[in-house]
Amino acid sequence: MKKEVTFEESRRIQLDILLDFVDFCMRNGLRYSLGEGTLIGAIRHKGFIPWDDDIDVLMLREEYDKFVSLYDGKYRLVSPGAPHYWLPYSRLTDERTVVKWGDNPYDIFRHGLWVTVFPIDNYPDNPNEWQEIRSKRDFWFKIIPMKLGLCRRYKYDKNVSVCKNMKKKAKRFLLPFVPYPIICKKLESLISAFKNVPTKNKALMTGVWHEPWVCPAEVFSSYVEVEFEGYKFTAFKGYDEYLRCQYGDYMQLPPIEEQIPKHDYKVYWKNHKSF
């Protein structure tokens, strides 16, 4: 039986991945920001949120694309297009470990404990352009649960024509056979559609289960230094506005019942080694 990675060990692994990521960025002139719960942890706790179980970083799309194309550090880079991976953002993973999701159908990643690298993209100024992107994005997102076996049943819709029902049925049965790398690339292409177009706002648009968090472009225009677990990292200077658009008053602790890890998985050492 494989030895389980403890909560404390997992944090040390993730911090080491983060340090490798930052070292690579510094050596290659790339800018980044701590993000999401990691950024809240840095501002509110100067380290991990006590119950948080992952590390997230953010990069502007141009920086992100360079990072994905150049990274050659000590960890494995898992990006859109990799086998068994369907998320439109990247992860740096420690392949000494393996993540098991139990009965969860998302146990398809087949990689180790990770640090997530999210791209921040230009958000179209015209609402209609975003709705068009969103419609196509949601179409590809719907294929994922089909492939994961979460919605295989087809229901006849009596409110539409026979022809539309046949098309719907064909999609339901054929689209799950589309390979994950193709889905990822389609999603990535849609999300980054405006990367060469100056826009008033930018957003994190890779979320599978939430709408984009949209902020003025100047929020992401410069960086400040923040402390996390005794180390100095960088964050977008406009981090307060960015975090508030997602979490509201992020300096306020959530109710005690919500102070739990957000991921439902266990991590094991592949070779029974401790950290």
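Residues numbered from 1 in each chain as written. Predicted model: local features only at pLDDT ≥ 70, side-chain atom pairs only at ≥ 80, totals over all residues. Heavy atoms only, no water.

A.B. asks: Account for the overall build of the protein, naming residues and giving values.
C.D. replies: Within the protein one finds seven helices and eleven strands. Each of the 275 residues in the protein was classed as buried or not, and the buried ones make up 48%. A separation threshold of at least 6 residues defines the contact pool for the protein, and within that pool the share at least 24 residues apart is 69%. Entry remark: accessible area of the protein is about 14,400 Å², with carbon and sulfur atoms responsible for 53%. (Helix = DSSP H or I, 4+ residues; strand = E, 2+ residues; numbered from the N terminus. Buried < 20%, exposed > 50% of the residue type's maximum accessible area, 1.4 Å probe, protein only. Contact = heavy atoms within 4.5 Å. Areas by Shrake-Rupley, 256 points an atom, 1.4 Å probe, with all protein chains shown as cover.)

A.B. asks: Describe the environment of H84, naming the residues involved and giving the relevant values.
C.D. replies: Among the structural elements, H84 can be located in the loop between β3 (76-78) and β4 (90-94). Sequence-wise, H84 and H111 are 27 residues apart; in three dimensions their C-alpha atoms are separated by 9.4 Å.

A.B. asks: Pulling in residues and values, what's your account of the nonpolar core?
C.D. replies: In terms of nonpolar packing, the biggest core is built from 61 residues, with L18, F21, L34 and Y242 touching the most fellow members. It is helix α1 (residues 7-27) that contributes the most residues to this core, eight residues altogether. Each residue touching Y242, except ones within four places of it in the same chain, is listed here: E36, L58, I120, L204, W213, C215, V219 and F220. By size, the runner-up hydrophobic cluster in this structure holds 14 residues, among which are W140, L187, I191 and F194. (Core = buried A, V, L, I, M, F, W, Y, C linked by side-chain atoms within 4.5 Å.)

A.B. asks: Give a description of the confidence of the model for the protein that names residues and reports values.
C.D. replies: The share of residues in the protein with pLDDT of 70 or more is 82%, and the mean pLDDT across the chain is 84. Per-element averaging of pLDDT across the protein places helix α5 (residues 162-174) at the bottom with 55 and strand β10 (residues 231-236) at the top with 98. Within the model, pLDDT remains below 50 along residues 150-154, and this stretch shows 13 contacts once partners closer than five positions in the same chain are excluded. (pLDDT = per-residue confidence, 0-100.)

A.B. asks: Any chance you could break down α1 for me, citing the residues and the numbers?
C.D. replies: The first and last C-alpha atoms of α1 sit 31 Å apart over 21 residues, in line with the 30 Å expected at 1.5 Å per residue. Positive phi shows up at G29, right after α1, with a value of about 65°. (Expected span 1.5 Å × (residues − 1).)

A.B. asks: Describe the packing of aromatic side chains, naming the residues involved and giving the relevant values.
C.D. replies: Under the counting rule described, the total for this entry stands at 15 aromatic pairs. On the basis of an interplanar angle of 40° and a centroid distance of 6.4 Å, the ring pair of W213 and Y247 is categorised as tilted. One end of the pair, W213, is in strand β8 (residues 213-216); the other, Y247, is in helix α7 (residues 239-247), with 34 residues separating them in the sequence. When its relative accessible area of 19% is taken as the criterion, W213 is described as buried. (Phe/Tyr/Trp six-rings, centres within 6.5 Å; stacked < 30°, edge-to-face > 60°.)

A.B. asks: Tell me about helix α2 (residues 36-44), residues and numbers included.
C.D. replies: Note: α-helices contain 3.6 residues per turn, so residues at a spacing of three or four share the same orientation. Where burial is concerned, most of α2 is hidden: eight out of the nine residues are buried. Among the residues making up α2, those that are buried are E36, G37, T38, L39, I40, G41, A42 and R44. Where α2 ends, the next residue or the one after it, K46, has phi of about 60°, a positive value.

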